Amino acid sequence: MFCYQCQETNQNKGCTKVGVCGKTATVANLQDMLIWVTKGLAQVMVEMREQGHNVEKELNHVISYNLFTTITNANFDEKAFDKIIIDTIELKERLLNNIKNKENLFEAALYNEKDLEKIYLKATEVGVLATENEDIRSLRELTVYGLKGLSAYSKHANALLKDSEEVDEFIQRALVETQKDLSLDELVNLVLKTGEYGVKGMALLDEANTSAYGNPKITKVNIGVRNNPAILISGHDLRDMEMLLKQTEGTGVDVYTHSEMLPANYYPAFKKYSHFVGNYGNAWWKQREEFETFNGPVLFTTNCIVPPKESYKDRIYTTGAAGYPGCKHIEGKIGEEKDFSEIIEHAKRCKAPIEIETGEIVGGFAHNQVFALADKIVEAVKSGAIKKFVVMGGCDGRHKGRDYYTEFAKSLPNDSVILTAGCAKYRYNKLNLGDIAGIPRVLDAGQCNDSYSLALIALKLKEVFELDNINDLPIIYNIAWYEQKAVIVLLALLSLGVKNIHLGPTLPAFLSPNVVDVLVENFGIAGNQTVEEDINLFFGDD
Ligand code: FSO
Ligand code: SF4
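For the structure given in this document, a descriptive report is provided here.

So, how was this worked out
- Residues numbered from 1 in each chain as written.
- Chains lettered and ligands numbered in written order.
- Predicted model: local features only at pLDDT ≥ 70, side-chain atom pairs only at ≥ 80, totals over all residues.
- Heavy atoms only, no water.
- Near = heavy atom within 4 Å.
- Nonpolar A, V, L, I, M, F, W, Y, C, P; charged D, E, K, R; others polar.
- Helix = DSSP H or I, 4+ residues; strand = E, 2+ residues; numbered from the N terminus.
- Buried < 20%, exposed > 50% of the residue type's maximum accessible area, 1.4 Å probe, protein only.
- Lys, Arg positive; Asp, Glu negative; His and termini not counted.
- Salt bridge = Lys/Arg side-chain N within 4 Å of Asp/Glu carboxyl O.
- Polar contact = N/O pair within 3.5 Å; in protein donor to acceptor, adjacent residues only side chain to side chain.
- Contact = heavy atoms within 4.5 Å.
- Pairing = 2+ DSSP bridges.
- Axes fitted to C-alpha atoms, helices over the stretch in contact; angles between N-to-C directions.
- Disulfide = S-S within 2.5 Å.

**Comments concerning the site of ligand 2**
Phase 1: Every residue lining ligand 2 is accounted for by M1, C3, Y4, Q5, C6, T9, C15, G19, V20, C21, K23 and T72.
Phase 2: For the shell around ligand 2, the class distribution of residues is seven nonpolar, four polar and one charged.

**A word on the side chain of E260**
Phase 1: Its place among the elements puts E260 in the loop between β3 (254-257) and α10 (268-271).
Phase 2: With no salt bridge to any partner, buried E260 finds its closest opposite charge in K425, at an N-O distance of 4.1 Å.
Phase 3: A polar atom in the side chain of E260 sits 3.4 Å from the backbone nitrogen of C423.
Phase 4: Excluding its chain neighbours within four sequence positions, the residues that come into contact with E260 are G235, H236, G422, C423, K425, G446, Q447 and C448.

**Some thoughts on the sheet that holds strand β2 (residues 230-234)**
Phase 1: The six strands lie next to each other as β4-β3-β2-β5-β6-β7, forming an open sheet whose pairing is parallel. Single-partner strands in this sheet number two, and they are β4 (276-279) and β7 (328-330). Geometrically, the sheet is characterised by an average inter-axis angle of 25° between neighbouring strands, direction not taken into account.
Phase 2: Of the pairings in the sheet, the one linking strand β6 (residues 316-319) to β7 comprises three bridges and is parallel in character. Note that in β7 the partner of Y317 across the bridge is K328.
Phase 3: Packing of helix α11 (residues 287-294) onto the sheet brings it into contact with β2, β3, β5 (298-300) and β6, and relative to β2 it is tilted by some 155°.

**Notes on the state of the cysteines**
Phase 1: Taken as a whole and judged by the stated rule, the model has zero disulfides.
Phase 2: Left without a disulfide partner, C350 is nearest to the cysteine sulfur of C327, which lies 14 Å away.
Phase 3: We classify C350 as buried; its relative accessible area is 16%.

**Let's talk about unusual backbone geometry**
Phase 1: Put simply, N303 and C304 share a cis peptide bond, and its omega is 20°.
Phase 2: The topology assignment puts C304 in the loop between β5 and α12 (310-313).
Phase 3: Residue P505 is bonded to the preceding G504 through a cis peptide linkage, with omega at 5°.
Phase 4: Note on placement: P505 falls in the loop between β15 (502-504) and α19 (513-523).
Phase 5: A positive phi angle, near 50°, is found at Q11, a position not held by glycine.
Phase 6: With respect to the element layout, Q11 can be found in the segment before α1 (25-50).
Phase 7: The phi dihedral of S259 falls on the positive side, at around 50°, and the residue is not glycine.
Phase 8: Within the fold, S259 resides in the loop between β3 and α10.
Phase 9: The class for S259 is buried, based on a relative accessible area of 4%.

Below, the structure written as structure tokens:
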């Protein structure tokens with residue numbers, strides 16, 4: 001195996017024996033294989049369109065689902081990958097019948113093996129290291145990781161019956177491009193194009209979420225517990241959240257959000273459920289302690305799964321692209337009502353959660369809510385009460401070095417406001433950093449995909465202050481990354497022209513030194529230094 005797609009990759013170089021995330025070498029190889037056959041399927045679909053065939057949206061969903069399953073911490077289930085790979089090869093074979101001229105097709109498109117033993121062998125040849133030149137490899141992988149993130153977001157929108165043919169077509173074309181002999185310049189352009197479509201994908205999901213569940217509102221979220229048995233729901237899929245809330249209503253079972261599902265508390269449509277108690281625990285990596293004390297079943301709708309302890313493994317359920325061997329997977333296609341009754345019955349047999357925290361956290365500052373406060377915010381900027389905004393969104397992770405973000409947040413001058421989204425916020429969202437003229441100093445827009453809101457807020461401020469350039473705003477970007485959704489968020493920001501983004505806690509291992517140079521020269525991307533040095537760098541002149 002060779003995998004370097006996430007921030008926690010071994011020694012910031014690559015996982016080669018087993019994943020730091022817990023992924024086995026077999027699963028890593030199967031994920032490489034799945035990406036490869038999916039690139040083949042994508043090429044068949046691109047060719048079909050070019051030859052005038054209709055490509056149904058269900059086929060687009062296969063591509064985004066396949067990519068999604070390979071995201072860090074989403075799916076650890078070898079058997080699930082065996083099946084997805086075979087299904088993909090069979091589907092591809094059927095579609096190939098539509099194509100008259102097969103001359104342009106790459107090996108991945110023509111590959112039709114169904115024998116698992118042979119597939120396992122092939123899997124060891126088609127991974128990341130199959131591209132020898134490290135710069136080409138770096139840009140190809142940067143593109144593929146961005147596409148994985150984009151696919152995750154687009155799949156969540158699809159679950160709410162929103163599709164963008166444009167985004168899906170791009171994902172497929174880009175997958176084909178990563179198999180061609182492109183020059184470095186062409187690959188850099190592909191990376192930036194991926195960012196452009198990242199914005200479109202996040203806009204699609206924002207539209208899907210807000211049209212289904214309303215615009216997030218300022219909300220105080222309870223982090224304590226009640227005395228009923230309960231289900232904890234993790235991941236990012238709001239449609240699953242809705243189904244779980246409906247099905248648990250009146251059963252005596254409470255529902256709590258975990259990690260990236262916290263923002264579900266901000267949506268008007270979910271506030272009406274009296275058994276929706278609040279949020280339990282912190283960012284994904286603390287789950288091994290927190291699931292123990294939660295006592296009830298946990299439903300993973302997406303990543304981030306940490307390999308569970310035996311003590312609570314029987315309480316873990318997965319659905320959608322998530323999976324873990326030995327844990328029950330709840331099926332359900334787009335548009336279908338999933339059946340969560342087994343989890344609900346399981347919850348009834350469990351004790352109520354043990355309280356690990358008390359109090360409230362405040363969130364719900366997606367674009368609509370922030371625009372509603374625009375006058376107040378503009379006034380605070382004009383009067384000098386707010387001097388700077390600090391975008392600190394992204395992901396959290398287990399590395400000790402991530403204490404940096406807590407210390408950085410604490411060290412910020414009192415006249416600065418943090419804009420955040422994603423699970424990175426757990427490093428500072430319980431610090432009680434106070435408010436400025438009634439505006440909280442941590443404005444949480446929501447999940448990592450709601451970074452889209454942060455971009456809209458920046459564009460709105462640019463308009464209000466009549467600036468020509470988004471980089472003239474008093475906004476600092478100090479972003480934490482972990483997995484591939486953060487990659488699409490980063491590429492999206494670059495495509496919007498945002499410069500001087502600081503990215504930590506370490507720069508991605510998949511960026512070769514030359515690619516880092518390109519990003520530094522053209523976009524001013526930088527890594528982190530110490531908290532003191534960075535505070536000086538950002539605020540030294542103030
Ligand atoms: Fe976090 Fe995990 Fe949302 Fe990621 S829970 S790390 S970027 O999946 O997707 O922020
Ligand atoms: Fe290693 Fe991250 Fe890949 Fe897991 S996802 S194998 S931790 S690089």
